[in-house]
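Listed below are the residues making up each chain.
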Amino acid sequence: MTIGDISGTSLTHSSLDTVTAIFDIPTNEVEDLKNAVVTFTTPQGQISFTMVNGFTVGDPVIGGGLTNGAPSPGYNLFGTIISTNTYLMDNDGNIVKTWSSKYSPGNSVYLLENSTLMRTAKTGSTNFNSGGAGGRVEQYDWDGNLIWAFDYDTTEHRLHHDIEVMTNGNILMIAWELKTKAEALAVGRSASLLTDGKLWPDHVIEVAPTGSYGGTIVWEWHIWDHLVETNVNLHPELIDINYVMSGPAGRGADWNHINAIDYNEELDQILLSARNQSEIWIIDHNTTTAEAAGSAGDLLYRWGNPQVYLGGGFAQQQQLFGQHDVRWIPDGRPGAGNLTVFNNGRDRFDGAYSSVDEIRLPKHGRGGYGAKDATMPAKAEIVWSFSGSGDKRFYSSHISGAERLPNGNTLICAGIQGRIFEVTPHGKIVWDYFNPITEDMSADIPPWVTSSNPMVARQIEPFGLLRASRVGRNHPGLKKLSK
Ligand SMILES: [Ca+2]
C-alpha cells in the first residue's frame, strides 16, 4: 500500500464493507498539500481512488479524514464592518495578528507580499454618505505602524468599497464623483430619476504612492465618459444614463455603487462589479487617461443583467442580483482565468438566496469577449455554483465575498452573518466560522442603538464582514509570523 512514495504500515478489513489503511507520514515530509491515490488490486483488476489535495501535511489534524478533504492551509484575513481592527486568524480560530487603525474599514483589506497591510478606511466625513463609504487608504507595516496614507474625500469625490494593489505598487481605487442636476440633465438623465437632485457616478483612479503620505493620480477612467441616452440597444459598450435598479434607491444619487475592483496584469484589464446595474464590467487599462475617456475606454465586456442595455424584454435573463466581490481566479488555482462572484440574490425570480458563482468568459485574452457589437452578451457561462440547498441555504442581501483557493475549494464570506466557510467543488463544507468579534462596537455605535432595541442594533450588523480571504501558509507576506 502506498500514497505516492509513502508506504502504509497496516491494512485491515475493519468491517464487512470497509477497508482501513493506515499510513505513517515521515517527519521529514514536505509540509504541503498532498494528493492521495489509493490502489487496490482485486481479482477483476486494479481500482484506484484519487483525491486531489486530499490532505495537508503539517496542519493540525482536523479530523474527518478524506471524506470532505482538509481546509486549504493558511490564515484568514478580515476586518469587521464596525471594528477598527484587522485580524489574521488561523484555521483553528486563533487570532495570530491584529492591526489597529483609527478608522473602521471602507471596506476591503489586503496583506501584501512585503508583509504590509493595505487597508481602506472609512473617515468620519459626511461627503457622499452612502453604503461602503471610505475616503482613505492606509498602509501599515507588520508591527502595526502607519507607514503611508492617501485621502480622497472632498465634496467633489470620495473613495469607497475596494482597491486593487498592482504589481508595480500603484493602487487602483473606486470613487464617487459629484455631478450636479444640471450636468445630469445635460447628458440626458431623466428628471424623474434625480430624486437626490444630483448624481454620484463612479470613477476609477490609479494612484502612485509618494513618501509616507499622498500620491499622484497617474490614470483615470470615468463612467461619465461612456454614457448613452438613445438607441441604447445598439451600444452594449456604453452605459445607459437612464437605467436604474428598481425601487426608490435606484433613483438616488448612488447610481452605480461599484463595490469591487480587480486587475489582470497579463491582460492589462480591470474588472468591476456594478452592484446597482447587477452587472460585471471589464475595461481596458492599456490606455492613457485621455484614451480612456474615449472609445478605447468603452466597456470591453459586460455580463449579468442584459436588460440594462437590451431593455425590459430581457429581464428574465438576469443572472446577477446585487453581486459583490467579483475577481479573476489567479493562475495556479483550479478555474484559473474564470471569475468568481458572490451573487447576493435579493430579488431573484425564485426567492431570495445567495450563491457563489464561477463564470467562464466567452473568450480570454486581449481583444476578446466578442465585445462592441450587438451580440456581445450572453456568452459567459456559469460553470460552478454553490448556494447550499433547502434549509442549508445561506443569504446575505449585501456585502459578502468569495475566493477560489489553491486546493480547488472556495472560501465564502456571508457578510451579514459574519460567517466564513470553505466548500469543496462538490459543495461539502470543510471549514465553518462565525465571527464573534464585536468588542469595538462602542467605537462606532450610534446613539439610537440601545440594548433594548436589538432589531435596530442588528441593522448596523455587529458581526458583519465585507469579505474574508485565506492567506496561503507560504505567502511571502507571512514571513514575519512566528509559526
Ligand atoms: Ca480588489
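This write-up is about the structure you can find in this document.

Here is what the cut-offs are and how they apply
- Residues numbered from 1 in each chain as written.
- Predicted model: local features only at pLDDT ≥ 70, side-chain atom pairs only at ≥ 80, totals over all residues.
- Helix = DSSP H or I, 4+ residues; strand = E, 2+ residues; numbered from the N terminus.
- Buried ≥ 20, exposed ≤ 12 C-beta atoms within 10 Å, placed from the backbone.
- Contact = placed C-beta atoms within 7 Å.
- Pairing = 2+ DSSP bridges.
- Axes fitted to C-alpha atoms, helices over the stretch in contact; angles between N-to-C directions.

Let us look at the overall build of the protein chain. Counting its secondary structure elements, the protein chain contains 5 helices and 33 strands. Counting all 483 residues of the protein chain, 40% fall into the buried class. When contacts within the protein chain are restricted to residue pairs at least 6 apart in sequence, those whose partners lie at least 24 apart make up 50%.

This part is about the sheet that holds strand E27 (residues 355-360). Strands sit in the order E25-E26-E27-E28 across an open sheet of 4 strands; the sheet is antiparallel. What marks the edges here is a single partner per strand, and that holds for strand E25 (324-328) and strand E28 (381-386). Strand-to-strand, the axes of this sheet are offset by a mean angle of 20 degrees, without reference to chain direction. Judged from the 5 bridges that link them, E27 and E28 form a sheet pairing that is antiparallel. Following the sheet pairing, Glu-358 is matched in E28 by Trp-384.

As a further point, take the pairing of strand E26 (residues 339-343). In terms of residue burial, E26 counts as a mostly covered element, since 5 of its 5 residues are buried. Where burial is concerned, the two faces of E26 agree: the one with Leu-339, Val-341 and Asn-343 and the one with Thr-340 and Phe-342 are both buried. Here E25 runs beside E26; their pairing, made up of 3 bridges, is antiparallel. The partner of Arg-327 across the bridge, within E26, is Thr-340. Sheet topology places E26 next to E27; 5 bridges connect them, and they run antiparallel. Along E27, the bridge assignment pairs Phe-342 with Val-356.

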